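# Residue-level structure breakdown
Chain by chain, the residues:
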Amino acid sequence: MAIRCLKAVFLSTLVLFSMAAWAEKQANVVLVLMDNFGYGEIGVYGGGVMRGAPTPRIDSIAREGLQLTNFNVEAECTPSRSALMTGRYGIRTRQRANQPPRGVWYGITKWEVTLAELLSDAGYATGIFGKWHLGDTEGRFPTDQGFDEWIGLPRSSDRAFWPDSNSFQPNSHPSAKFTHVMSASKGEQPVEGAVYDRAKRAIIDREITDQAIDFMTRMSGEGKPFFAYLPYTQTHEPVDPHPDFYGSTGNGSFADVLAQTDVYVGELLDTVESLGIREDTIFIFTSDNGREGVPRSFGFTGPWRSGMFSPYEGSLRVPFLVRWPGKIPPGRVSNEMVHQMDVFSTVASFTGVQVPTDRVIDGVDQSDFFTGTSEQSARDSLVIYIGNTLFGAKWRNWKILLREMDEDGYGIKEMAYPSVYNLIVDPKEEVPELNYLNDTWVDFPLYQVIEDHELSLENDPGAPGP
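Residues numbered from 1 in each chain as written. Predicted model: local features only at pLDDT ≥ 70, side-chain atom pairs only at ≥ 80, totals over all residues. Heavy atoms only, no water.

### With respect to a negative patch on the surface
Taken together, the side chains of Glu451, Asp452, Glu454 and Glu458 make up a negatively charged region of the molecular surface. Considering the arrangement of structural elements, one finds Asp452 in helix α11 (residues 443-458). (Patch = residues over 30% accessible without salt bridge, like charges linked within 9 Å, V, L, I, M, F, W, Y side chains within 5 Å. Areas by Shrake-Rupley, 256 points an atom, 1.4 Å probe, with all protein chains shown as cover. Salt bridge = Lys/Arg side-chain N within 4 Å of Asp/Glu carboxyl O. Lys, Arg positive; Asp, Glu negative; His and termini not counted. Charge placed at Lys NZ, Arg CZ, Asp CG, Glu CD. Helix = DSSP H or I, 4+ residues; strand = E, 2+ residues; numbered from the N terminus.)

What follows is the structure in structure tokens.
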């Protein structure tokens, strides 16, 4: 009996010691964000070889960590990145007192607190290598919002078409000007570099991978915890492979870029390994939203309906893989609901950082769920926006759409009666009435999600400042 008691005391002490060591040792964070990258692209989500390019290195994150099959995002690039960086619905970051919400592509104001700011204030080195798309005016660049260094794009990759277009007309409008690759350090004005044309577009993901590897190596050498954020520019249009990968698969440019991305992610994983920080690094791979909405984009959303700019699952569900050896159990796959906003609160919890208390944080802490302490997500509902228009909500495996989208264009269909889908029974959202008449009770929780959200917005003064 005495031995058993001593053993219990020893184990309790060990657990407390481990928790203290976890708190003292700040984990590095590597966050890879793809651009317009559908659910079905990589091997563990049914893509890879089927898409013309195996993805063994990206797939390895799933084998060594957690794979989510119900990870939800916003339907467009800017709101999605806003939600990821602030832990708040995109509509909330656009709210203004006594005025209509800001435009959907505005980004975030200086007042918002980003994940980079949280980690920077906690002593982290922070670097962003790639596409920002959350503000391109003075005071709203990444290095004004918590990042120590940045190289990449202020806006979107489709502007790479302009310099090579023989119909581009200079001086047509003050905003119609070529995008340049930009770089900056905290406290300095961003500097414009090379014009972002098709040639630069093809090589930029190579360049930002190298920049991120250099950043990780430098910070590790200094013994400083780091946040390396890689919002890759692929697979947003134009999908232009690096010359080293052009034609490498024999299956076209999209497959070439998929193979290219797998190699680049593998190099990031190898860097973490070679620096001896594998157990001290949270590594995340995900996407901002589903495939491009235009047919020529060639993206694949797996079993889900439609693509970005729509309220359907092909827009809202994307890959999410996370690895943290020794903390997140390997080889786990879950269909529990998680939203990209939750990354904010969860990373804050993992790194011992306090989230802001002076504003609504929509993201929830998923640390217990990610580490396997709980089999259930801390979230069972979310709302769906396109632009500033509320389209519907999800609750568990049910979904209500107050509006639907014309998939031959972007026209909004105002429904006389909402569509209700059971996403387990009808994952492609083809038959709204399927099972619904047997389960009209689901109206109550679904409408409650919408009512709670709308009340929350009514009581929210909005995000002040420019």
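### Overview of the sheet that holds strand β7 (residues 191-195)
A sheet is described by the order of its strands in space; here 10 strands give the open sequence β7-β6-β5-β4-β8-β1-β9-β10-β2-β11, paired in mixed fashion. Looking at strand neighbours, the two that pair on one side only are β7 and β11 (332-334), the edges of this open sheet. When strand polarity is set aside, the average angle formed by the axes of neighbouring strands in this sheet is 10 degrees. Of the pairings in the sheet, the one linking strand β1 (residues 28-34) to strand β8 (residues 226-231) comprises 5 bridges and is parallel in character. Opposite Val32, over in β8, you have Leu230 as the bridge partner. (Pairing = 2+ DSSP bridges. Axes fitted to C-alpha atoms, helices over the stretch in contact; angles between N-to-C directions.)

### As for the sheet that holds strand β16 (residues 412-422)
Spatial ordering of the open sheet is given by β13-β14-β15-β16, a layout of 4 strands whose pairing is antiparallel. Strands at the two margins of the open sheet, each flanked by one partner only, are β13 (381-386) and β16. Neighbour-to-neighbour, the strand axes of this sheet turn through a mean angle of 20 degrees, independent of strand direction. As defined by bridge partners, strand β14 (residues 389-395) adjoins strand β15 (residues 398-405) across 4 bridges and the pair is classed as antiparallel. If you follow Gly392 over to β15, its bridge partner there is Leu401. Contacts from α11 reach β13, β14, β15 and β16 within the one sheet, and its direction differs from that of β14 by about 130 degrees. (Contact = heavy atoms within 4.5 Å.)

### Considering helix α2 (residues 56-63)
Counting along an α-helix, one turn takes 3.6 residues, and residues three or four places apart therefore face a common direction. Buried residues of α2: Ile58, Asp59, Ser60, Ile61 and Ala62, and no others. For α2, the elements touching its buried residues are β2 (66-68), α7 (253-274), β9 (281-287) and β10 (320-323). (Buried < 20%, exposed > 50% of the residue type's maximum accessible area, 1.4 Å probe, protein only.)

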